[in-house]
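Structural description and commentary
One-letter residues, chain by chain:
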Amino acid sequence: MQEKENAMEALDVAKKNLEDAGYLNLPVENIDLVKEINRLKKEKNAVILAHFYQEPAIQDIADHLGDSLYLARKAAETDADMIVFAGVHFMAETAKILNPDKKVLLPDLHAGCSLADSCPAVDFKAFIDQHPDHYVISYINCSAEVKALSDIICTSSNALQIVRSLPEDQPIIFAPDKHLGEFVMKQTGRDMLLWDGACLVHEAFSIEKILNLIKENPNAKVIAHPESETHILKVASYVGSTTGLLNYVQEDDHNEFIIATEHGIIHQMKKKVKNKKLIPAPINQNNACACSECEFMKMNTMEKLYLCMKYELPEITIPQDLMKKALAPIERMLAVK
Ligand code: 13P
Ligand code: SF4
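As the structure is a computational prediction, the values presented were derived from the model and not from experiment.

Description of the overall build of the protein chain
Assigned secondary structure in the protein chain consists of 16 helices and twelve strands. A compact globule built from 337 residues should have a C-alpha radius of gyration of about 20 Å, and the protein chain, at 20 Å, falls within 12% of that. With the C-alpha coordinates aligned to their principal axes, the bounding extent of the protein chain is approximately 55 × 50 × 35 Å. Across the 337 residues that make up the protein chain, the buried fraction comes to 55%. The contacts in the protein chain between residues at least 6 apart in sequence include a share of 65% that link residues at least 24 apart. If you sum the accessible surface of the protein chain, you get close to 14900 Å²; carbon and sulfur atoms cover 50% of it. Computed over 36 positive and 49 negative side-chain charges, the separation of the two mean positions in the protein chain equals 5 Å.

Okay, here's the thing in structure tokens:
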């Protein structure tokens, strides 16, 4: 919640600055956005980092496109003066923590994360205080405040590796995603104390509709992101991060896949595997694409990307002492190869 309040406050300041600059009246529709974004990138020595859930045009213009771990590594390595993060708030925040002296921009400051929101730092601190002997592993989808309370950060790419690296008798708290936590417990045989958080986008999948799809497409393999619920993961032939899923459809010899993650990944999959059938896993509600879309990821648009690069707003700002505390657990994760 604190993260959200800070973001909203920063948004008001950003809006005021933008109004002063005449930004809100800009006729963006008359601009060649691709050309202008590329020009601004050179002019400002900026780097665009984009997640696979971004809209296709943003994925196509990014300098680096990937999952959370890859993007955190790219943020840590960059020598650009300005980082433009086409993703959600916790991702841009991680980039800022890794680059306290650089300008880090997020095209829409409202681009939050339901999973990060499910773990307010005050409540999490009280939970940790009740279990002082536990080692705290937090999934990267959390606020800077929660990161600062953690011993190490993980992503869906390295969660298994990080848990396996700890001594067998070390008690562990795993937060905030209970589904990823349950998956890790099952795979490693470790018992962990789980925070009761989840991602709305990955909890939206309908097992009944997926089972029907399997009947209609008997040659299709289900592949799923580990934020999905356990009954979805049970029917999956492969469970992995967005990069893992992308690699799987390329390397596996099957030609049909039912994909249980956010719809944005399909754009990259279609580019990589032109002749395979890629079916987005259906959700409980009926919507236009019959698939699961992250409303936060989709808040970023090419227009907002252009405007944020032009006016260098909205910028991610985090108190220095909080950045310092949140850096150590992120660096511990990055040191795991
Ligand atoms: P990945 O790190 O697998 O890309 O996951 C990020 C995310 O937010 C999934 O919802
Ligand atoms: Fe957060 Fe879920 Fe969106 Fe990923 S898909 S950014 S976990 S709300």
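Structure's up, so let's keep going.
Thoughts on the sheet that holds strand β2 (residues 64-66)
Remark on secondary structure: sheet strands pair via backbone hydrogen bonds, oriented parallel or antiparallel. Read from one edge of the open sheet, four strands run β2-β1-β3-β4, paired in parallel fashion. A single partner strand is all that each edge strand has here, and the edge strands are β2 and β4 (103-105). If you compare each strand with its neighbour and ignore which way they point, the axes differ by 20° on average. With three bridges joining them, strand β1 (residues 46-51) and β2 adopt parallel strand pairing. Each bridged residue has a counterpart across the sheet, and for Leu49 the counterpart in β2 is His64. Against the sheet, helix α4 (residues 68-77) contacts β1, β2 and β3 (82-86), and its axis sits at roughly 150° relative to β2. The sheet strands contacting helix α5 (residues 89-98) are β1, β3 and β4, and the helix crosses β3 at an angle near 160°.

With respect to the pairing of strand β7 (residues 172-175)
Taking every second residue as pointing to the same face, both faces of β7 are buried, with Ile172 and Phe174 on one and Ile173 and Ala175 on the other. Relative to β7, strand β5 (residues 135-139) is paired through four bridges, and the arrangement is parallel. Across the sheet, residue Ile137 finds its bridge partner in β7, namely Phe174. Where β7 meets strand β8 (residues 193-194), two bridges bridge the pair, whose relative direction is parallel. Counted as the bridge partner of Phe174 is Leu194 from β8. Regarding the hand of the β-α-β motif, the stretch spanning β7, helix α10 (residues 178-188) and β8 is right-handed.

Some remarks on the sheet that holds β7
Across the sheet, four strands lie side by side as β6-β5-β7-β8; this open sheet has parallel pairing. The open sheet has two free edges, formed respectively by β6 (152-154) and β8, since each of these has just one partner strand. Strand contacts of helix α7 (residues 121-129): β5, β7 and β8, with the helix running at about 165° to β7, the strand carrying the most contacts.

Remarks on the pattern of salt bridges
Following the criterion strictly, the structure yields twelve salt bridges and no others. Residue Lys74 is joined to Glu77 by a salt bridge in which the shortest nitrogen-to-oxygen separation is 3.3 Å. In this pair, Lys74 and Glu77 are both assigned in helix α4, three residues apart and thus about one turn of the helix distant. In this structure Glu77 comes out as exposed when scored by relative accessible area, which is 53%. Linking Asp108 and Lys304 is a salt bridge whose minimum nitrogen-to-oxygen distance equals 2.6 Å. With Asp108 in the loop between β4 and α6 (114-117) and Lys304 in helix α15 (residues 302-311), the pair connects residues that are 196 residues apart, well separated along the chain. Owing to a relative accessible area of 26%, Lys304 belongs among the partly exposed residues under this scheme.

Focus: the nonpolar core
One finds Ile137 and Met333 to be the most contacted residues of the largest nonpolar core, which totals 70 residues. With residues up to four places along the chain from it excluded, the contact list for Met333 reads Leu69, Arg73, Ile140, Ile152, Ile153, Cys154, Thr155, Asn158 and Ile162. With 20 residues, the next largest nonpolar core counts Ala62, Met82, Val84 and Met302 among its residues.

A few points about the site of ligand 1
All residues adjacent to ligand 1 are His51, Tyr53, Asp67, Ser68, Tyr139, Asn141, Ser156, His202, His225, Glu227, Ser241 and Thr242. Measuring from an oxygen atom of ligand 1, one finds a side-chain N or O atom of His51 at 2.6 Å. Within the contact set of ligand 1, an oxygen atom lies 2.7 Å away from a side-chain nitrogen or oxygen of Ser68. Expressed as a share of its isolated accessible area of 300 Å², the protein-covered part of ligand 1 is 96%. Here the shell around ligand 1 is composed, by residue class, of two nonpolar, eight polar and two charged.

Quick look at the environment of Val235
Mapped onto the elements, Val235 comes out in the loop between α12 (230-234) and β10 (238-239). Along the backbone, Val235 and Lys221 are 14 residues apart, and their C-alpha atoms lie at a distance of 8.9 Å.

Here we look at the environment of His267
Secondary-structure assignment places His267 in helix α14 (residues 265-272). Taking the C-alpha atoms as reference, His267 lies 21 Å from Tyr306; in sequence the two are 39 residues apart. Setting aside residues no more than four positions away along its own chain, His267 makes contact with Pro56, Gln59 and Asp60. Among the polar contacts made by the side chain of His267, one reaches the side chain of Asp60 at a distance of 2.9 Å.

Rules used in this analysis
Residues numbered from 1 in each chain as written. Chains lettered and ligands numbered in written order. Predicted model: local features only at pLDDT ≥ 70, side-chain atom pairs only at ≥ 80, totals over all residues. Heavy atoms only, no water. Helix = DSSP H or I, 4+ residues; strand = E, 2+ residues; numbered from the N terminus. Rg over C-alpha atoms; globule rule 2.2 N^0.38 Å. Buried < 20%, exposed > 50% of the residue type's maximum accessible area, 1.4 Å probe, protein only. Contact = heavy atoms within 4.5 Å. Areas by Shrake-Rupley, 256 points an atom, 1.4 Å probe, with all protein chains shown as cover. Lys, Arg positive; Asp, Glu negative; His and termini not counted. Charge placed at Lys NZ, Arg CZ, Asp CG, Glu CD. Pairing = 2+ DSSP bridges. Axes fitted to C-alpha atoms, helices over the stretch in contact; angles between N-to-C directions. Right-handed = clockwise from strand over helix to strand, strands pointing away. Salt bridge = Lys/Arg side-chain N within 4 Å of Asp/Glu carboxyl O. Core = buried A, V, L, I, M, F, W, Y, C linked by side-chain atoms within 4.5 Å. Near = heavy atom within 4 Å. Polar contact = N/O pair within 3.5 Å; in protein donor to acceptor, adjacent residues only side chain to side chain. Nonpolar A, V, L, I, M, F, W, Y, C, P; charged D, E, K, R; others polar.

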